[in-house]
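Remarks on the overall topology
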Amino acid sequence: MIPPSFDYHCPTSVSEAVSLLSKFGGEAKILAGGHSLLPMMKLRFAEPANLIDINKIPELRGISEEGGVIKIGAMTTENQILFSDLLQKKVPLLPEAAKLIADPQVRNRGTIGGDISHGDPANDHPAIAMALDATFVLQGPGGQRRVKAVDFFHGTYMTDVAEDEIMVSIEVAPFASKTGYAYHKLKRKTGDWATAAAAVVLQMSGNKVSHVAIGLTNVAPTALRASAAEQLMIGHEITSELMDRVAESVRADRKSTRLN
């Protein structure tokens, strides 16, 4: 199908983009990589009267470390994450997970901020952000505010971003020494969304778990932080019996979230 007509805007600064969002309100949509929005427009599930393309805002791109915090611009592409020396050294879960996202063509255009802001429970970065205890920086007419990843997703395609706000960056802490991590993804074929996936960040003190964070993809209306399962692991050795209890806890959390 062909999307309905719309007016196209291409701001060159965050303030200009915010001004356009304030002007058009619910009649506007942000265009980042476009892999989620454009198919929805073609199917007429989304019919914005105004499309605001933020690809020419340089301040939304890049990966840096400032004051002990890794800052990733919302328009940073999956390929830039995949090949970032800083992330490979400081937050290796992100480039490791990027290998599993879609295919090279999509990774060349798809952005981390677009993946998160879309609010699709099948997207990869929401659960990864939860496991990293990430903070999202949003900017609107009143300035910037920060929202924790666990507080950001309210429902399928529903997030904490207001109509006149834009996500500008993602903030994560560098991994402590000897931090373990993984993103395991079940999918039907290469390039597909996850049937289900789990992101884990783990630290040990001796043979016992001292820190663990578990983010789950596409098992509930939003990405899910498995907090109850994490608490089962803290202070305990990792055994097959413990993993059975953790799996049961995750299933219970998933069922409870779907019912709610």
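The structure under discussion appears in the preceding block.
Everything numeric in this text was worked out from a predicted model, so none of it was measured. (Residues numbered from 1 in each chain as written. Predicted model: local features only at pLDDT ≥ 70, side-chain atom pairs only at ≥ 80, totals over all residues. Heavy atoms only, no water.)

**Section: the overall build of the protein**
This is how the line gets drawn: Put simply, DSSP marks the helices as runs of H or I at least four residues long and the strands as runs of E at least two long, and each gets a number from the N terminus on. Throughout, radius of gyration means the C-alpha value; the globule benchmark is 2.2 Å times the number of residues raised to the power 0.38. Each residue is placed in one exposure class: buried if its accessible area under a 1.4 Å probe, protein chains only, is under 20% of its type's maximum, exposed if it is over 50%, and partly exposed if it falls in between. In short, Shrake-Rupley with a 1.4 Å probe defines the accessible areas, and a residue's cover is counted only from the protein chains shown. By the counting scheme adopted, Arg and Lys are positive, Glu and Asp are negative, and His together with the chain ends is not counted. Just so you know, the charge point we use is NZ for Lys, CZ for Arg, CG for Asp and CD for Glu.
Within the protein, the regular secondary structure consists of 10 helices and 14 strands. Relative to the compact-globule value of 18 Å for 260 residues, the protein shows a C-alpha radius of gyration of 19 Å, a close match. Taken along the three principal axes of its C-alpha coordinates, the protein extends 60 × 40 × 35 Å. Per-residue burial over the protein gives 47% buried out of 260 residues. For the protein, the computed accessible surface area is about 12,800 Å², with 52% contributed by carbon and sulfur atoms. Each charge class in the protein can be summarised by its mean position, and for the 27 positive and 29 negative side chains these summaries are 4 Å apart.

**A look at empty space enclosed by the protein**
As a reminder, the rule being used: Whether a set of points on the 1 Å grid over the protein atoms alone is a cavity depends on a 1.4 Å probe fitting there but being unable to get out, while an open set qualifies as a pocket with protein on both sides within 12 Å along at least five of seven lines; lining residues are those with an atom within 4 Å of a point. Grid points are joined across faces, edges and corners, and a volume is the space filled by probe spheres set on the points.
Here the structure, examined in full by the defined rule, presents one cavity of 30 Å³ or more. A volume near 50 Å³ is recorded for the largest cavity. Considering the residues around the largest cavity, the lining is formed by L94, I112, I116, H125, I128, A129, L132, A134, I170 and V172. Of all the elements in the fold, those that place two or more residues in the lining of the largest cavity are α7 (112-117), α8 (125-131) and β10 (166-172). Among the elements that make up the lining of the largest cavity, the one with the highest residue count is α8 (three residues).

**Observations concerning the packing of aromatic side chains**
Rules: Pairing of aromatic rings covers Phe, Tyr and Trp, the last through its six-membered ring, and needs centres within 6.5 Å; plane angles under 30 degrees mean stacked, over 60 mean edge-to-face, and all others mean tilted.
Scanning the model with the defined rule gives four aromatic pairs in all. With 6.3 Å between their ring centres and 80 degrees between their planes, F136 and F153 make a pair best called edge-to-face. Linking F136 in strand β6 (residues 135-140) with F153 in strand β8 (residues 153-155), this pair joins segments that are 17 residues apart in sequence. F136 gets classed as buried once you look at its relative accessible area, which sits at 0%.

From the geometry alone we can't say anything about function, so treat these as descriptive.
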